[in-house]
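Structural description and commentary
What follows is each chain in one-letter form.
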Amino acid sequence: MQGRTEVLDRKIGRINATYGQDWKKTIDDVFDEVTLKNLQQLISQGIISTIENVIATGKEGNVFRARTIRGENRAVKIYRINTATFRKLEKYIEGDTRFKNSGNSPRERIFTWAQKEYKNLHSMRAAGANVPKPYHVHKNIVVMQYLGWRFRPYPTIRELPPKEPEKFLLMLKESIKSYRNQKLSHGDLSEYNIINRREEPFIIDVGQAVPDSHPLYSQLHERDMKNLHRFWKKYIPNIKKEEFQI
Ligand SMILES: Nc1ncnc2c1ncn2[C@@H]1O[C@H](COP(=O)(O)OP(=O)(O)OP(=O)(O)O)[C@@H](O)[C@H]1O
Ligand SMILES: [Mg+2]
């Protein structure tokens, strides 16, 4: 795998030495040949210029901090092209009328998934919800606003619960109302997917969000609201589940 590391080193740019071994492992894990090519295309198109560091590694994909040629940060989410990813996302794409005519191969379905995340970010943001601004989608890669410090993303509310829970929750509910007005269900809303940006909520991880034409629309939203109630009652002891009828 030495070869690939060199290609990345040369083509993708500066790699922080502190990521040494981890980075190499990540390269083998996530940068399969197709992804490497797709990333290269993003760089040639001038969408990003360097990949800086790993933000998160997961089963279905990885998130990196990248920079544009003008030195602005971006979060780059790369879906792994494999059958596990394909299996997880299938039930959310199937039934989403926005993507009726997307391809059939696992690889094409994963590309559709990235488009779905991009589109969901776009709709939610247009509706006024606090989600990262989407910049670009290309094959299995979504480029969006980076929420974080130089070397570390802002924490999730699981990692850093808000100092003023009532105030924070009010803002969060405004975001939820906004995307509900657009008839969308997030589908994986929990303390893991809400970022605490200096005491302001940002909702992330919207790939699985579905519109009201989808058979899981209501069920997913109910589950999301249950999750929120379970989390928030730790910080607002008397909070009722009716508070989450959004
Ligand atoms: N726009 C962003 N800016 C900064 N950090 C981000 C951004 N998007 C995601 N992250 C970080 O990457 C992590 C994983 O992102 P996300 O939840 O979108 O992906 P995921 O593949 O669903 O991961 P998981 O399976 O862990 O939920 C987040 O917990 C967060 O720390
Ligand atoms: Mg997540």
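Residues numbered from 1 in each chain as written. Chains lettered and ligands numbered in written order. Predicted model: local features only at pLDDT ≥ 70, side-chain atom pairs only at ≥ 80, totals over all residues. Heavy atoms only, no water.

A word on the environment of Leu39
Position of Leu39 relative to the elements: it lies in helix H3 (residues 33-44). In the structure, Leu39 is positioned 12 residues away from Ile51 in sequence and 9.6 Å away in space, judged by C-alpha atoms. (Helix = DSSP H or I, 4+ residues; strand = E, 2+ residues; numbered from the N terminus.)

Let's talk about the site of ligand 1
If you check the shell around ligand 1, you find 14 residues, and the closest are Lys77, Gln145, Leu147, Asn193 and Asp205. Contacts to ligand 1 include Lys77, whose side-chain N or O atom sits 2.7 Å from an oxygen atom. Note that an oxygen atom of ligand 1 is positioned 3.1 Å from one of the side-chain N or O atoms of Asn193. The protein chains hide 79% of the 600 Å² of surface that ligand 1 would expose on its own. Given that more than half its atoms are within 2 Å of the pocket grid, ligand 1 belongs to the largest pocket. Of the residues assigned to the shell around ligand 1, the class counts are 10 nonpolar, two polar and two charged. (Near = heavy atom within 4 Å. Polar contact = N/O pair within 3.5 Å; in protein donor to acceptor, adjacent residues only side chain to side chain. Areas by Shrake-Rupley, 256 points an atom, 1.4 Å probe, with all protein chains shown as cover. 1 Å grid on protein atoms, 1.4 Å probe; cavity = no way out; pocket = protein on both sides within 12 Å on 5 of 7 lines; lining within 4 Å. Sits in = over half its atoms within 2 Å of the grid points. Nonpolar A, V, L, I, M, F, W, Y, C, P; charged D, E, K, R; others polar.)

Here we look at helix H5 (residues 106-126)
The end-to-end C-alpha distance of H5 is 30 Å, a good match for the 30 Å that 21 residues give at a rise of 1.5 Å each. When H5 is considered as a whole, its buried residues turn out to be Arg109, Ile110, Phe111, Thr112, Trp113, Ala114, Lys116, Glu117, Asn120, Leu121, Ser123 and Met124. Two residues or fewer past H5, Gly128 is found with a positive phi of approximately 105 degrees. (Expected span 1.5 Å × (residues − 1). Buried < 20%, exposed > 50% of the residue type's maximum accessible area, 1.4 Å probe, protein only.)

A word on the coordination of the magnesium ion (ligand 2)
Asn193 (OD1) and Asp205 (OD) make up the full set of protein donors to the magnesium ion (ligand 2), lying at 2.2 Å. Taken together, the positions of Asn193 in the loop between strand E6 (184-185) and strand E7 (194-196) and Asp205 in the loop between strand E8 (201-203) and strand E9 (210-211) put the pair 12 residues apart, joining distant regions of the chain. Judged by relative accessible area, Asp205 falls into the partly exposed class, the value being 21%. (Donors = N, O, S within 2.8 Å, 3.2 Å for Na, K, Ca; no water.)

Side note on the side chain of Arg65
If you trace the backbone, Arg65 turns up in strand E2 (residues 61-67). Despite its burial, Arg65 pairs with no opposite charge, the nearest such side chain being Glu52 at 4.1 Å. Engagement of the side chain of Arg65 in a polar contact is seen with the backbone oxygen of Arg150, the distance being 2.7 Å. Setting aside residues up to four positions removed in sequence, Arg65 forms contacts with Ile51, Glu52, Asn53, Ile55, Asn73, Arg74, Tyr146, Arg150 and Phe151. (Lys, Arg positive; Asp, Glu negative; His and termini not counted. Salt bridge = Lys/Arg side-chain N within 4 Å of Asp/Glu carboxyl O. Contact = heavy atoms within 4.5 Å.)

As for the layout of surface pockets
Each pocket or cavity is described by its volume, and for the largest pocket that value is around 950 Å³. Along its surface, the largest pocket is lined by 34 residues, and Ala56, Val63, Asn193, Ile204 and Asp205 are the ones closest to its centre. Of all elements in the fold, only strand E1 (50-57), E2, strand E3 (73-79), helix H4 (83-93), H5 and strand E5 (141-145) reach the threshold of two or more residues within the lining of the largest pocket. Classifying every residue of the lining of the largest pocket gives 17 nonpolar, nine polar and eight charged. The residue makeup of the lining of the largest pocket includes at least three contributed by each of domain 1 (2-145) and domain 2 (165-244). Considering only enclosed or pocket space, the second largest pocket measures out at about 160 Å³ in volume. Around the second largest pocket sit Glu222, Met225, Lys226, His229, Lys241, Glu242, Phe244 and Gln245, which together line it. Residue composition of the lining of the second largest pocket, by class: two nonpolar, two polar and four charged. (Points joined across faces, edges and corners; volume = space filled by probe spheres on them. Domains from an automatic or database assignment.)

Some words on the nonpolar core
Membership of the largest hydrophobic core comes to 39 residues, with the highest contact counts inside it found for Met124, Leu172, Ile176, Leu189, Ile203, Leu228 and Trp232. When residues of this core are traced back to their parent elements, those giving at least two are E3, H4, H5, E5, helix H6 (165-181) and helix H7 (217-232). Residues in contact with Leu228, not counting those within four places in the same chain, are Leu172, Ile176, Leu189, Ile194 and Phe244. Of all hydrophobic cores here, the second largest spans 14 residues; its members include Phe31, Leu42, Ile51 and Ile141. (Core = buried A, V, L, I, M, F, W, Y, C linked by side-chain atoms within 4.5 Å.)

Quick look at the confidence of the model for the chain
Predicted confidence across the chain gives a mean pLDDT of 89, with 88% of residues reaching 70 or more. A low-confidence stretch, residues 13-18 stays under pLDDT 50, and its non-local contacts, those more than four residues away or across chains, total 10 contacts. (pLDDT = per-residue confidence, 0-100.)

Section: the packing of aromatic side chains
This structure, assessed with the given rule, holds six aromatic pairs. Pairing Tyr79 with Trp113 gives two aromatic rings, centres 6.5 Å apart and planes at 80 degrees, and the pair type is edge-to-face. Here Tyr79, found in strand E3, pairs with Trp113, found in helix H5; they are 34 residues apart in sequence, far enough to count as distant. Taking the relative accessible area as the measure of exposure, Trp113 reaches 6% and is therefore buried. The rings of Phe168, Phe231, Trp232 and Tyr235 are connected pair by pair, giving a single aromatic cluster. A cation sits over an aromatic face here: Arg74 above Tyr135, 3.6 Å from the ring centre. (Phe/Tyr/Trp six-rings, centres within 6.5 Å; stacked < 30°, edge-to-face > 60°. Lys NZ or Arg CZ within 6 Å of the ring centre and 35° of its normal.)

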